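Chain residues, written in single-letter form:
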Amino acid sequence: MDSKPLVIVVTPVYNTGRYLEEAIQSVLAQTHDNWRYLISNNHSTDETAEIAARYAAIDDRISVVSPSTFLPQGQHFNFALGHVGDDADYCKILLADDMMMPGCLEAMVAVAESDADIVLVSSYRVIENSAANFGLPVDRTVFPGRVIGRLHLIGGVYPIGTPSSVMYRASVVRQRNPEFFPADRYYFDTDVAFRIMLGAKFGFVHQVLTFSRYQPDSITHREATLYSGELDGLICVSSYGQLYLTADEHRRAVRRANRSYYEKLGREWLLDRFRGRRDEFWEYHCVRLATAGLVIERDEVLKGAVRAVGRAIGSPGKVIDRIVRRRGALDDAWAE
């Protein structure tokens, strides 16, 4: 019987067959050898199923599952996590277009095993050619979850990263099944971190342990063009600020998140005057805000538009660049 903690690695995948083999190879290369690997195929139409089946046939630690019907991303992640067995000690998500460094599981397990109150572990990561998740004191590996949540909300330090960046204690995953991730939030991994860190601890490895791709055609890219980051910042502060921040910190964080968010909305409202209203953009924000009991404040949109204009006027070079790019976009649209 293996005395090392058992880690279940989970990859929910949909049409990412061109990268899946590299993700699988990174699991096979782990120095921590007590793992099982679950690939959940969400009815992919590319070569995903064939690649997963081929590796499952040659390594009995790898298994493949699939939901009965196609699921939205958050629901598919929860379906996959529902297969984390009672014997698992830890659960590590690895997105199909990402990779783990060979020592990833070993280093994360070592930190998690140092304190039974740690519910998730993160590390530095590389996104294409850029490093991320920096900012925590390098002489510490264990932090109160409340401290990590506070640092995230007041801005500047974001050690949680992405689903591929962290490893969860499996007992916490099982406790929250069948909906570990809140399916109504886009950044559901950040949201669940706030939910489980309160009253618990957070572990961090000061090494680069994961590599992430940034794909122009990915869901993440499409959502970013809708200002999902600013939206998520406002939702997180509104949902969890009072739990992690002092009253004064909360007021400042709400004010800062509102200014950032509504300046983006104001900019979009101004652009609508040139190109016509993008109803899907405003519907997206109405739906996302509703998950936190929020609505779009029209007066704030107008104030944001004024700030956006002021910022543009203060940077003439940027104004010219935007006019050129906008003119190009209008010419392209006219040609169509």
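Residues numbered from 1 in each chain as written. Predicted model: local features only at pLDDT ≥ 70, side-chain atom pairs only at ≥ 80, totals over all residues. Heavy atoms only, no water.

Bringing the packing of aromatic side chains into the picture now. With the rule as written, the count across this model stands at 15 aromatic pairs. An angle of 75° between the planes, with centres 5.1 Å apart, marks the rings of Y261 and Y262 as edge-to-face. Classification of Y261 as buried rests on a relative accessible area of 0%. The exposure class of Y262 is buried, given its relative accessible area of 2%. (Phe/Tyr/Trp six-rings, centres within 6.5 Å; stacked < 30°, edge-to-face > 60°. Buried < 20%, exposed > 50% of the residue type's maximum accessible area, 1.4 Å probe, protein only.)

Over its 16 residues, helix α12 (residues 298-313) extends 23 Å from the first C-alpha to the last, a length consistent with the 22 Å expected when each residue adds 1.5 Å. Among the residues of α12, V301, G304, A305, R307, A308 and A312 are the ones counted as buried. (Helix = DSSP H or I, 4+ residues; strand = E, 2+ residues; numbered from the N terminus. Expected span 1.5 Å × (residues − 1).)

A separate point is the pattern of salt bridges. Applying the stated rule across the entire model yields 13 salt bridges. We note a salt bridge from D191 to R195, for which the minimum N-O separation is 2.5 Å. With a gap of 4 residues between them, D191 and R195 both fall in helix α7 (residues 188-197), about one helical turn apart. A residue is classified by how much of its surface remains accessible, and R195, at 35% relative accessible area, is partly exposed. The shortest N-O distance in the salt bridge between D248 and R252 comes to 2.2 Å. A residue pair is termed a helical-turn pair when its members lie 3 or 4 positions apart in one helix, as D248 and R252 do in helix α10 (residues 247-275) at 4 residues. (Salt bridge = Lys/Arg side-chain N within 4 Å of Asp/Glu carboxyl O.)

What follows deals with the nonpolar core. Of all hydrophobic cores here, the largest spans 59 residues; its most connected members are L81, L120, Y168, F181 and F202. If one sorts the elements of this core by residue count, helix α9 (residues 228-244) sits on top with 7 residues. What L120 contacts, discounting residues up to four positions off in sequence, is V166, M167, Y168, A193, I196, M197, K201, F202 and G203. Counting residues in hydrophobic clusters, the runner-up holds 31 residues, among them I24, I51, M100 and V109. (Core = buried A, V, L, I, M, F, W, Y, C linked by side-chain atoms within 4.5 Å. Contact = heavy atoms within 4.5 Å.)

The topology assignment puts N133 in the loop between β7 (130-132) and β8 (142-144). Within the structure, the side chain of N133 is placed 2.8 Å from the backbone oxygen of S123, a separation counted as a polar contact. Engagement of the side chain of N133 in a polar contact is seen with the backbone oxygen of P159, the distance being 3.4 Å. Dropping the residues within four chain positions of it, N133 is found in contact with S122, S123, Y124, R125, Y158, P159, I160, G161, S165 and F204. (Polar contact = N/O pair within 3.5 Å; in protein donor to acceptor, adjacent residues only side chain to side chain.)

Once that is clear, we can look at the pairing of strand β10 (residues 201-212). As defined by bridge partners, strand β5 (residues 99-100) adjoins β10 across 2 bridges and the pair is classed as antiparallel. Each residue of the ladder has a partner; that of M99, found in β10, is F211. Pairing of β8 with β10, which is carried by 3 bridges, proceeds in the antiparallel orientation. Looking across to β10, one finds that V142 is bridged to G203. (Pairing = 2+ DSSP bridges.)

Looking now at the packing of helix α5 (residues 145-154) against α7. Close contact between α5 and α7 brings their axes to 9 Å; oriented N to C, the two are set at 140°. The crossing of α5 and α7 is left-handed. Of the residues in α7, those touching α5 at G145, R146, I148, G149, H152 and L153 are T190, F194 and M197. Taken together, the residues of the contact of α5 with α7 break down into 4 nonpolar, 4 polar and 1 charged. (Axes fitted to C-alpha atoms, helices over the stretch in contact; angles between N-to-C directions. Left-handed = near helix turned anticlockwise from the far one by under 90°. Nonpolar A, V, L, I, M, F, W, Y, C, P; charged D, E, K, R; others polar.)

Next up on the list: the pairing of strand β2 (residues 35-41). With 6 of 7 residues buried, β2 is to be regarded as a mostly interior element. Relative to β2, strand β1 (residues 7-13) is paired through 7 bridges, and the arrangement is parallel. Its bridge partner lying in β2, T11 is registered against I39. Remark: the β1/helix α1 (residues 17-28)/β2 crossover connection has right-handed handedness. Regarding the hand of the β-α-β motif, the stretch spanning β2, helix α2 (residues 48-58) and strand β3 (residues 62-65) is right-handed. (Right-handed = clockwise from strand over helix to strand, strands pointing away.)

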